[in-house]
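Structural overview
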Amino acid sequence: MAGFLVRRLVTAALQLAAVAVTAFALTSILPGDAAVVVLGEHATDEQVAVLREQLGLDRPLWERFADWLSAVLQGDLGTSLLTGAAVSDEIARGFTTTALLALLALAVVIPLALAVGIGTGLRPGSLLDRGLNGAVVMLNSIPEFALALLLIALFALQLGWLPATAAGASGWALAAQPAVLVLPVGVLVSKQLCALARQVRIGVVEADCAEYAMHVRLHGLSERTVVLRHVLPNALGPAVQQLARAVDGLLGGVVVVEAVFALPGMGSGFVGAAMARDLPAVQGYALVFAATTIALNLFADVVVRRLVPQREVVA
């Protein structure tokens, strides 16, 4: 276990380093000039040149990357070109909103996916299996933005049951207004439920038909004991890895959901920074999203290794 953990930590460090290089390189070649964005269209060439020098944009790319990486290793993600605030503070302000959305979505999607996956996996080919699988696949086939607009049109505009946006609220204060969270959380759940439920179902079907399950049944164990002690532990290993990917999907989905529902989280902050060509902010957001993804997948691999030690986890 120790050797596996060391290998995964080294791999995670290399992945994060690759993301840092890629994020800096891609943001540096974005069209437009950050100095012009900050000063506005009517700035003179002299003003633009002075600001470019102040921001270090006239220096070679490798020098700027070395300075940025050195600052990042010291916990400094830079300063926003638009607001003048520390990028880490900007991310922290949006984190609470994004974390609240993700946690609520996970609180719904995990038990729902387990119920659907286990229920259909224990009865493959049944009417329940076909009906539930058809329903979750249908939900998954609708793009997030389209589903969000459909829900707003139906429940907010047509029926008037729920607010269309959460404008004016942010962070943990949103928890005091649960009505504004129903639609965005519903969109996030619908997009992640299908993959996780199907992975649980596949694992349950395979484990239920495995030789060890048949063997313990022949020894007279009750079906409940067979399922709880032998089928589920082996079936849920791959589902844990899928859960990590589901969290990745939630972090990606909040970009769309926060934009549609006017939620001031990390997703909307990232989009705003990219549109304004706020390079330090874009690089900071990209690094945080990547670090979160890598950490989640590392955690999932370790959990799977503990659940099913004989399963080979691909690093």
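Residue numbers here run from 1 along each chain, matching the order of that chain's written sequence. Only residues with pLDDT of at least 70 get local features here, since the model is predicted, and only at 80 or more are side-chain atom pairs given and counted; chain-wide, interface and lining totals rely on the full set of residues. Values shown for side chains rest on all heavy atoms present in the structure; no hydrogens or waters enter the calculation.

Overview of the overall build of the chain
Put simply, the test is: Where helices and strands are cited, they refer to DSSP runs of H or I of at least four residues and of E of at least two residues respectively, numbered from the N terminus. Exposure categories follow from relative accessible area, calculated using a 1.4 Å probe and restricted to protein chains: below 20% of the type maximum is buried, above 50% is exposed, and the middle band is partly exposed. Note on contacts: a residue pair is in contact if any heavy atoms of the two residues lie within 4.5 Å. In short, Shrake-Rupley with a 1.4 Å probe defines the accessible areas, and a residue's cover is counted only from the protein chains shown.
On a plain count of helices and strands, the chain comes out with twelve helices and zero strands. Reading the secondary structure of the chain in the N-to-C direction produces α-α-α-α-α-α-α-α-α-α-α-α. A burial count over the chain gives 40% of its 315 residues as buried. Pairs at least 24 residues apart make up 72% of the contacts formed inside the chain by residues separated by at least 6 positions. Summing over all exposed atoms, the chain offers an accessible surface of approximately 16,300 Å²; the carbon and sulfur share of this is 67%.

Some words on the pattern of salt bridges
Where charged atoms from two side chains of opposite charge come close, those side chains can pair. Filter applied, for reference: Salt-bridge detection follows one rule: a side-chain nitrogen of Lys or Arg within 4 Å of a carboxyl oxygen of Asp or Glu.
Under the criterion given, the structure shown has one salt bridge. Of the charged contacts in the structure, one is a salt bridge between Glu90 and Arg93, with a shortest N-O distance of 3.2 Å. Linking Glu90 with Arg93, this pair stays in helix H5 (residues 87-121), spanning three residues, or about one helical turn.

Some words on the confidence of the model for the chain
Put simply, the test is: By definition, pLDDT measures how confident the predictor is in each residue, and it falls between 0 and 100.
In this model, the chain carries a mean pLDDT of 77, and residues with pLDDT of at least 70 account for 81%. Taken element by element, the predicted model of the chain shows its lowest mean pLDDT in helix H2 (residues 34-39) (64) and its highest in helix H7 (residues 144-158) (86). Between residues 311-315, whose pLDDT stays under 50, and residues either more than four places distant or in other chains, the model counts twelve contacts.

Here we look at a nonpolar patch on the surface
Note the cut-off: Residues enter patches when their relative accessible area tops 30% and they take part in no salt bridge; the joining distance is 9 Å for like charges and 5 Å for the nonpolar side chains Val, Leu, Ile, Met, Phe, Trp and Tyr.
There is a patch of nonpolar side chains on the surface, built from Val6, Val10 and Leu14 and spanning about 280 Å² of accessible area. Position of Val10 relative to the elements: it lies in helix H1 (residues 2-28). Residue Val10 is classed as partly exposed on the basis of its relative accessible area of 46%.

Observations concerning helix H4 (residues 61-73)
For clarity, the cut-off: Helix span is expected to be 1.5 Å times the residue number reduced by one. To be clear, the arc concerns the directions from the helix axis to the C-beta atoms.
Relative to the 18 Å expected for 13 residues at 1.5 Å per residue, H4 spans 18 Å between its end C-alpha atoms, a close match to the ideal helical length. Taken together, the buried positions of H4 are occupied by Arg64, Phe65, Trp68 and Val72. The arc enclosing the buried residues of H4, seen along the axis, measures out at 100 degrees, which places them on a common side. More than 90 degrees from the buried face of H4, the exposed residues found are Trp62 and Leu73.

Some words on H7
We apply this condition: We define the bend at each residue as the angle formed by axes fitted to the 7 residues ending at it and the 7 residues starting at it.
Taking 1.5 Å of rise per residue, 15 residues should cover 21 Å, and H7 covers 20 Å from first to last C-alpha, within 8% of that figure. The axis of H7 is deflected most strongly, by about 25 degrees, at Ile152. Here H7 has its buried residues at Glu144, Leu147, Ala148, Leu151, Ile152 and Ala156. Once H7 finishes, Gly160 follows within two positions and takes phi at roughly 70 degrees, a positive value.

Focus on the nonpolar core
Quick reminder of the rule: The criterion is simple. A nonpolar core is a set of buried Ala, Val, Leu, Ile, Met, Phe, Trp, Tyr and Cys residues joined through side-chain atoms within 4.5 Å.
Counting residues in hydrophobic clusters, the biggest one holds 32 residues, and the most contacted among them are Leu101, Leu181, Val187, Leu188 and Phe261. Put simply, the parts of the chain that give this core at least two residues each are H5, H7, helix H8 (179-208) and helix H10 (223-260). The biggest single contributor to this core is H8, with eleven residues. Membership of the second largest hydrophobic core comes to 15 residues, among which are Ala20, Leu77, Ile91 and Met266.

With respect to the packing of H1 against H4
The test is simple: Note on geometry: axes are lines fitted to C-alpha atoms, helical ones only across the stretch in contact, with angles between N-to-C directions running from 0 to 180 degrees. An angle below 35 degrees is treated as roughly parallel, one above 145 as roughly antiparallel, one from 65 to 115 as roughly perpendicular, and anything else as oblique. Crossings are classed by handedness, with left-handed meaning an anticlockwise turn of the near helix from the far one by less than a right angle and right-handed meaning a clockwise turn. The residue classification treats Ala, Val, Leu, Ile, Met, Phe, Trp, Tyr, Cys and Pro as nonpolar and Asp, Glu, Lys and Arg as charged. All others, Gly included, are polar.
At a closest axis distance of 11 Å, the pairing of H1 and H4 adopts a crossing angle of 130 degrees. Between H1 and H4, the crossing angle belongs to the class labelled oblique. You can see that H1 and H4 cross each other, and the crossing is right-handed. The segment H1 lies against H4, with Ala20, Val21, Phe24 and Ser28 engaging Leu61, Arg64, Phe65 and Trp68. Looking at the contact of H1 with H4 residue by residue, the class counts come to six nonpolar, one polar and one charged.

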